[in-house]
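Topology and contacts: notes
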Amino acid sequence: MLKYFKNTVLYNAFIDKGIGIVTGWKKPSLILEHLTEESLNKVKTIEAK
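Computed from a predicted structure; not experimentally measured. (Residues numbered from 1 in each chain as written. Predicted model: local features only at pLDDT ≥ 70, side-chain atom pairs only at ≥ 80, totals over all residues. Heavy atoms only, no water.)

Comments concerning the environment of Ile15
For clarity, the threshold we go by: To qualify as a helix, a DSSP run of H or I must reach at least 4 residues; to qualify as a strand, a run of E must reach at least 2; elements of each kind are numbered from the N terminus. Contacts between residues were defined by any pair of non-hydrogen atoms, one from each residue, lying within 4.5 Å.
With respect to the helices, strands and loops of the structure, Ile15 is situated in the loop between strand S1 (8-11) and strand S2 (19-23). Through-space distance from the C-alpha of Ile15 to that of Asn41 is 7.5 Å; in sequence the pair is 26 residues apart. With near-sequence residues (within four places) excluded, Ile15 lies in contact with Leu40, Asn41, Lys42, Val43 and Lys44.

Here it is in structure tokens:
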């Protein structure tokens, strides 16, 4: 059974402008693990809504 990660937010305060990733079925930290260093520098927030 899939687990729903409600209202989990990972936020990078060191980035002024960037992209946001919204997910409901994946734990946000799992997504961060699969991003390249270049991509990580562009992600401002990852949210599970």
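Here the narrative resumes, following the displayed structure.
Topic: the pairing of strand S3 (residues 43-48)
To keep it simple, the criterion reads: Three exposure classes are used, based on accessible area relative to the maximum for each residue type with a 1.4 Å probe and protein chains only: buried under 20%, partly exposed in between, and exposed over 50%. Each pair of strands is called paired provided DSSP finds at least two bridges between the two strands.
Of all the six residues making up S3, five are buried; the element is thus mostly covered by neighbouring parts of the structure. Bridge count between S2 and S3: five bridges; the pairing is parallel. Each residue of the ladder has a partner; that of Val22, found in S3, is Glu47.

Things to note about the confidence of the model for the protein
The test is simple: A residue's pLDDT is the predictor's confidence in that residue, given on a scale from 0 to 100.
Averaged over the protein, the pLDDT score is 80; the fraction of residues at 70 or greater is 84%. Per-element confidence in the protein ranges from a low mean pLDDT of 75 for S1 to a high of 89 for helix H2 (residues 37-40).

Focus: the side chain of Thr45
For Thr45, the position within the fold is in strand S3. Since its relative accessible area comes to 13%, Thr45 is described here as buried. Those residues in contact with Thr45 that lie beyond four places of it in its chain are Val9, Leu10, Tyr11, Ile19, Gly20 and Ile21.

Description of the pattern of salt bridges
For clarity, the cut-off: We define a salt bridge as a side-chain nitrogen of Lys or Arg found within 4 Å of a carboxyl oxygen belonging to Asp or Glu.
Here the structure, examined in full by the defined rule, presents one salt bridge. Across the salt bridge formed by Glu38 and Lys42, the nearest N and O atoms sit 3.6 Å from each other.

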